[in-house]
Amino acid sequence: MNKALRENDIVSGPITERRRDWRKAMSDNVALALLVYTGLQIFMTVGAMKQGVSSIVPYLALVILVAGIIPACRWFERRWSDLSDDEAADLALKPAFRRDQIMLWVLAIGLPVVLTLIFKLIFS
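To keep things clear, this report deals only with the structure shown in the data block. (Residues numbered from 1 in each chain as written. Predicted model: local features only at pLDDT ≥ 70, side-chain atom pairs only at ≥ 80, totals over all residues. Heavy atoms only, no water.)

A surface patch of nonpolar side chains, about 330 Å² in accessible area, is lined by V114, I118, I122 and F123. Position of I122 among the secondary structure elements: in helix α5 (residues 94-123). Accessibility expressed as a relative area gives 53% for I122, which makes it exposed. (Patch = residues over 30% accessible without salt bridge, like charges linked within 9 Å, V, L, I, M, F, W, Y side chains within 5 Å. Areas by Shrake-Rupley, 256 points an atom, 1.4 Å probe, with all protein chains shown as cover. Salt bridge = Lys/Arg side-chain N within 4 Å of Asp/Glu carboxyl O. Helix = DSSP H or I, 4+ residues; strand = E, 2+ residues; numbered from the N terminus. Buried < 20%, exposed > 50% of the residue type's maximum accessible area, 1.4 Å probe, protein only.)

Have a look at this one:
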């Protein structure tokens, strides 16, 4: 286990720092964002839809909304998965990573909130 951890470490003086792999970091962000998005859709959007429709329609809408976000999340992941090993540890990519990370999370959290508001307006 130590060997595996040390392979990703760089030595800068007496302190050992772990190198960040942008590919893995974005993949982790995408996976977590999908979980958060799905959870928010279940509790917010489907709840709002149930107020106006009492059938299987809210659940079908949930499947469609979750399936619709997957290509967008895959786009974020694909941008970072094609990096070489050297590029994946390049600190110069940190601003671009943060920009994509913020956009991903705004989409994952913001879209369910916006959709909930839209459905509440439609069914009120």
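All told, the structure shown has 3 aromatic pairs when counted by the stated rule. Between the aromatic rings of W80 and F97, the centroid separation amounts to 5.6 Å while the plane-to-plane angle is 80 degrees, which identifies the pairing as edge-to-face. Taken together, the positions of W80 in helix α3 (residues 57-81) and F97 in helix α5 put the pair 17 residues apart, joining distant regions of the chain. Across the pair, exposure class does not vary: W80 and F97 are buried alike. In textbook terms, an aromatic cluster arises when at least three aromatic residues are bridged by ring pairs, as seen for W22, W80 and F97. (Phe/Tyr/Trp six-rings, centres within 6.5 Å; stacked < 30°, edge-to-face > 60°.)

With respect to the helices, strands and loops of the structure, I109 is situated in helix α5. Judged by its relative accessible area of 41%, I109 falls in the partly exposed class. Sequence separation of I109 and G39 is 70 residues, and the distance between their C-alpha atoms is 9.9 Å. The contacts of I109, once residues within four sequence positions are left out, are V36 and L40. (Contact = heavy atoms within 4.5 Å.)

Structurally, L83 is set in the loop between α3 and α4 (85-88). Along the chain, L83 and D21 lie 62 residues apart, while their C-alpha atoms are 9.7 Å from each other. If we skip the residues at most four places from it in the chain, L83 touches W22, R23, A88 and L93.

With that settled, the discussion passes to the pattern of salt bridges. Across all of its chains, the model carries 6 salt bridges by this definition. Of the charged contacts, one joins K24 and D28 as a salt bridge, the two residues approaching to 2.9 Å between their closest N and O atoms. A residue pair is termed a helical-turn pair when its members lie 3 or 4 positions apart in one helix, as K24 and D28 do in helix α2 (residues 22-52) at 4 residues. We classify D28 as partly exposed; its relative accessible area is 41%. Close ionic contact of D100 with R79 constitutes a salt bridge, the shortest N to O distance being 3.3 Å. Of the two residues, D100 is situated in helix α5 and R79 in helix α3; the sequence distance between them amounts to 21 residues. On the basis of relative accessible area, R79 is assigned to the partly exposed category, the value being 36%. Connected through salt bridges with shared partners, the residues D21, R23 and D85 form a single ionic network.

Viewed as axis vectors pointing N to C, α3 and α5 meet at an angle of 170 degrees, and their least axial separation amounts to 10 Å. If you check the angle between α3 and α5, you find them roughly antiparallel. Between α3, through L65, I69, A72, C73, F76, R79 and W80, and α5, the contact on the second element is made entirely by A96, F97, R99, D100, M103, L104, L107, L111, L115 and F119. The class makeup of the residues in the contact of α3 with α5 is 14 nonpolar, no polar and 3 charged. (Axes fitted to C-alpha atoms, helices over the stretch in contact; angles between N-to-C directions. Parallel < 35°, antiparallel > 145°, perpendicular 65-115°, else oblique. Nonpolar A, V, L, I, M, F, W, Y, C, P; charged D, E, K, R; others polar.)

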